[in-house]
Amino acid sequence: MFIPRRALVLLGTAVALTITALPAQASDIPAPGQISKSDNIEHVTNVPKPAALADIHTDMAFQGDYAYVGNYQGFSIYDIKHPKRTSLVSSVVCPGGQMDVSVYGDLLFGSVDSSRNNDSCQSTGQSARIKESWEGIRIFDVKDKANPVYVKSVETNCGSHTHTIVPGKGADAAKHVYLYISSYGPAADFPDCKTPHDLISIVKVPLDNPAGATVLSTPVLFPPTRDTNGDGVPDDGGFAGVPLPYPNGKSATSGCHDITAYPEKDIAAGACMGEGILMDISDRERPVVTATVRDEVNFAFWHSATFNNAGTKVIFTDELGGGSRATCNEAIGPNRGANAYYDLVGGQLQFRSYFKIARHQADTENCVAHNGSLIPVKGRDIMVQAWYQGGISVVDFTDSSRPEEIAYFERGPDNTAPPLSGGFWSAYYYNGYIYGSDFNLGLDVLRINDPRTNQAKSVKFDILNAQTQSSYPEHGR
């Protein structure tokens, strides 16, 4: 999440001393910038953040020999054909956080959840209270990696905090791609983001004419069930929340934060602030909520979701503190700001366990469960995941009631930036390597060497958008 409509200007350079002991107590926290890792992780390289983009790095996508990395100021394209020699190809300056990115064909989509005075790359921040303000989706043509072209913008309700690519189905697959837009943070005085906001926006993109992209519909996922203003008419749906001070409050549902689709299986999982949901997306234009789950004891903010390869489990993450708090410590404990593992049983979500990294972080280190992806291993469920300044963790959750960390990589406190403003936004496995998008220090490339994951090196993908899962083959392409 990292709190919408917030921009931070953070500068940093990479540092690289290495230790391999596993810290368990606060006294074992590595020195600022010092690398701590398990013996089965290799730090391949670091590519510093490009000078053109002074703000923080955000989410990533991959296609062919290229990685695409978002930034609050735009996005960058990296050549990863030879991961040890990963290099910057181009950067596009186009301010508007978060600019989480995804790719499809020659198109790149970027989410803007920061109210702007217009949709251009020269825009400046402007209050969402002004009707003419803009936020939503930007579409770029990235066929020429050195010279991306801005094609189109689409304004959406409450902007686009994140988005999910869902390809068309059947004959429609060659004609359209759909974007499920997750957004939240409504207010009565926001003309284009009014309460209640229990919906998502669906943008339909014609592949032969992406400039014709439009909002197709705004389906309500949480129908009105209660009267919040006393007028006798139900006017809001979803979880009402628990209005207590941090860290004990629970977010109300007023939209979704992330939706992860598994198009092959016609399902999607949504992390929707106050609850997790399962959806049937067999009709791409009319998703239907089929199951809902809440955790009113430990989950403060349902942030993201990931299926296992079989589509029989869902990992939901709790972004306690919005990514700007120190939650990986004894005071917060092991069950808050964590992953929660659910099995799909009879179409419903059944809780199995929590997982949180055991390594305590300093009070200056923002640390909480964040973005990750599967490592494609036959017969096992293994995921790599970012934890902000908690680093990168690899977890085997084949037994969803007993998830186990099998590898990790982290740095000591990032002293190149203000406190609670650093670490890995996301960490994804792509064609034999782990890529980590660090707020301030740039793009890190890692490699895991472990008998439990080595067979994944034979699995090659042409594309990876983490919120659009596809099944992986057992061996080869």
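Everything below is about the structure printed above this text.
Residues numbered from 1 in each chain as written. Predicted model: local features only at pLDDT ≥ 70, side-chain atom pairs only at ≥ 80, totals over all residues. Heavy atoms only, no water.

**Student:** Residue-level account of the overall build of the protein, with values.
**Tutor:** Each helix and strand counted, the protein has 0 helices and 31 strands in total. The C-alpha atoms of the protein give a radius of gyration of 21 Å, which matches the 23 Å a tight globule of 477 residues would have. Along the three orthogonal principal directions, the C-alpha set of the protein runs to about 60 × 50 × 45 Å. Relative to its 477 residues, the protein shows a buried fraction of 61%. In the protein, the share of contacts with a sequence separation of at least 24, taken over all contacts with a separation of at least 6, comes to 58%. (Helix = DSSP H or I, 4+ residues; strand = E, 2+ residues; numbered from the N terminus. Rg over C-alpha atoms; globule rule 2.2 N^0.38 Å. Buried < 20%, exposed > 50% of the residue type's maximum accessible area, 1.4 Å probe, protein only. Contact = heavy atoms within 4.5 Å.)

**Student:** Mind laying out the layout of surface pockets, listing which residues take part and the relevant values?
**Tutor:** In this structure, the largest pocket encloses a volume near 370 Å³. When contributions to the lining of the largest pocket are tallied by element, the ones reaching two or more residues are strand S8 (98-104), strand S12 (162-167), strand S24 (372-375) and strand S31 (463-464). Across the lining of the largest pocket, the residue classes tally to 14 nonpolar, 7 polar and 1 charged. In this structure, the second largest pocket occupies an estimated 220 Å³ of space. As for the second largest pocket, its lining consists of 14 residues, of which Gly249, Ser251, Ala300, Phe301 and Gly321 are closest to the centre. (1 Å grid on protein atoms, 1.4 Å probe; cavity = no way out; pocket = protein on both sides within 12 Å on 5 of 7 lines; lining within 4 Å. Points joined across faces, edges and corners; volume = space filled by probe spheres on them. Nonpolar A, V, L, I, M, F, W, Y, C, P; charged D, E, K, R; others polar.)

**Student:** Before we move on, can you summarise the nonpolar core with the specific residues and values?
**Tutor:** The biggest cluster of nonpolar side chains holds 31 residues, and the ones touching the most others in it are Met60, Phe62, Tyr78, Ile80, Tyr430 and Tyr435. Breaking this core down by element, the ones donating at least two residues are strand S3 (41-47), strand S4 (57-63), strand S5 (66-71), strand S28 (424-430), strand S29 (433-438) and strand S30 (442-448). Not counting chain neighbours up to four residues away, the residues in contact with tyrosine 430 comprise Phe62, Gln63, Gly64, Ile80, Tyr435, Phe461, Asp462, Ile463 and Leu464. Membership of the second largest hydrophobic core comes to 19 residues, among which are Val394, Ile406, Ala407 and Phe424. (Core = buried A, V, L, I, M, F, W, Y, C linked by side-chain atoms within 4.5 Å.)

**Student:** So what about the state of the cysteines? Which residues, and what values?
**Tutor:** According to the stated counting rule, one finds 4 disulfides in the structure shown. At a sulfur-sulfur separation of 2.0 Å, the disulfide partner of cysteine 94 is cysteine 121. Residues cysteine 94 and cysteine 121 share a disulfide whose torsion about the S-S bond is about -85°; that sign makes it left-handed. One end of the pair, cysteine 94, is in the loop between strand S7 (87-93) and S8; the other, cysteine 121, is in the loop between strand S9 (107-112) and strand S10 (136-141), with 27 residues separating them in the sequence. Residues cysteine 94 and cysteine 121 agree in their burial class; the two are buried. Put simply, cysteine 256 and cysteine 272 are joined by a disulfide, and their sulfur atoms are 2.0 Å apart. (Disulfide = S-S within 2.5 Å.)

**Student:** Residue-level account of the pattern of salt bridges, with values.
**Tutor:** Within this structure, the stated rule accounts for 15 salt bridges. Between arginine 129 and aspartate 189 there is a salt bridge whose closest N-O contact spans 2.6 Å. Residue arginine 129 is located in the loop between S9 and S10, and its partner aspartate 189 is located in the loop between strand S13 (176-182) and strand S14 (201-206); the two are separated by 60 residues in the primary sequence. A salt bridge links aspartate 192 to lysine 131, with the nearest nitrogen and oxygen atoms 2.6 Å apart. Linking aspartate 192 in the loop between S13 and S14 with lysine 131 in the loop between S9 and S10, this pair joins segments that are 61 residues apart in sequence. Put simply, Lys169, Asp266 and Arg284 are held in one network by salt bridges that share partners. (Salt bridge = Lys/Arg side-chain N within 4 Å of Asp/Glu carboxyl O.)

**Student:** I'd love a proper account of the sheet that holds S28, names of residues and values included.
**Tutor:** Taken in spatial order, the 4 strands make up an open sheet running S3-S30-S29-S28, and their pairing is antiparallel. What marks the edges here is a single partner per strand, and that holds for S3 and S28. For this sheet, the mean angle separating the axes of adjacent strands, direction not counted, is 20°. Across 6 bridges, the pairing between S28 and S29 is antiparallel. Looking at S29, one finds that alanine 427 is bridged to glycine 436. (Pairing = 2+ DSSP bridges. Axes fitted to C-alpha atoms, helices over the stretch in contact; angles between N-to-C directions.)

**Student:** Please give an account of the side chain of asparagine 309 that cites residues and values.
**Tutor:** Residue position: asparagine 309 is located in the loop between strand S20 (302-307) and strand S21 (313-318). Judged by its relative accessible area of 17%, asparagine 309 falls in the buried class. A distance of 3.0 Å separates a polar atom in the side chain of asparagine 309 from the backbone nitrogen of tyrosine 472. When near neighbours in sequence (up to four residues on either side) are disregarded, asparagine 309 contacts Tyr262, Lys265, Leu374, Asp381, Ser470, Ser471 and Tyr472. (Polar contact = N/O pair within 3.5 Å; in protein donor to acceptor, adjacent residues only side chain to side chain.)

**Student:** Which residues make up the sheet that holds strand S23 (residues 348-355), and what values do they have?
**Tutor:** The antiparallel open sheet is built from 4 strands, whose spatial order is S20-S21-S22-S23. Two strands close off the open sheet at either side, each with one partner strand: S20 and S23. Strand after strand, the sheet turns through a mean of 25° between neighbouring axes, direction not considered. Alignment of strand S22 (residues 339-345) against S23, held across 7 bridges, turns out to be antiparallel. Bridge pairing in S23 places tyrosine 342 opposite phenylalanine 351.

**Student:** Before we move on, could you go through the pairing of strand S26 (residues 392-396) and cite the residues and values that matter?
**Tutor:** For a regular strand, side-chain orientation follows a simple rule: the groups alternate between the two sheet faces. Among the 5 residues in S26, 5 count as buried, and that is most of the element. In terms of strand pairing, strand S25 (residues 382-386) meets S26 through 5 bridges, oriented antiparallel. Each residue of the ladder has a partner; that of methionine 383, found in S26, is valine 395. The hairpin turn running from S25 into S26, its antiparallel successor, is 5 residues long, and tyrosine 388 in that turn takes a positive phi close to 50°. With 5 bridges joining them, S26 and strand S27 (residues 404-411) adopt antiparallel strand pairing. Residue pairing across strands places serine 393 opposite tyrosine 408, the latter belonging to S27.

**Student:** Describe the packing of aromatic side chains, naming the residues involved and giving the relevant values.
**Tutor:** Inspection of every chain in the model, using the stated rule, returns 20 aromatic pairs. Clustering of aromatic rings is evident, with ring pairs tying together Phe299, Trp302, Phe316, Tyr342, Phe351 and Tyr354. Across from the ring centre of tyrosine 66, 5.1 Å away, lies the NZ or CZ of lysine 145, which sits over that ring. A cation over an aromatic ring shows up here: arginine 325 above the ring of tyrosine 246, its NZ or CZ 4.0 Å from the ring centre. (Phe/Tyr/Trp six-rings, centres within 6.5 Å; stacked < 30°, edge-to-face > 60°. Lys NZ or Arg CZ within 6 Å of the ring centre and 35° of its normal.)

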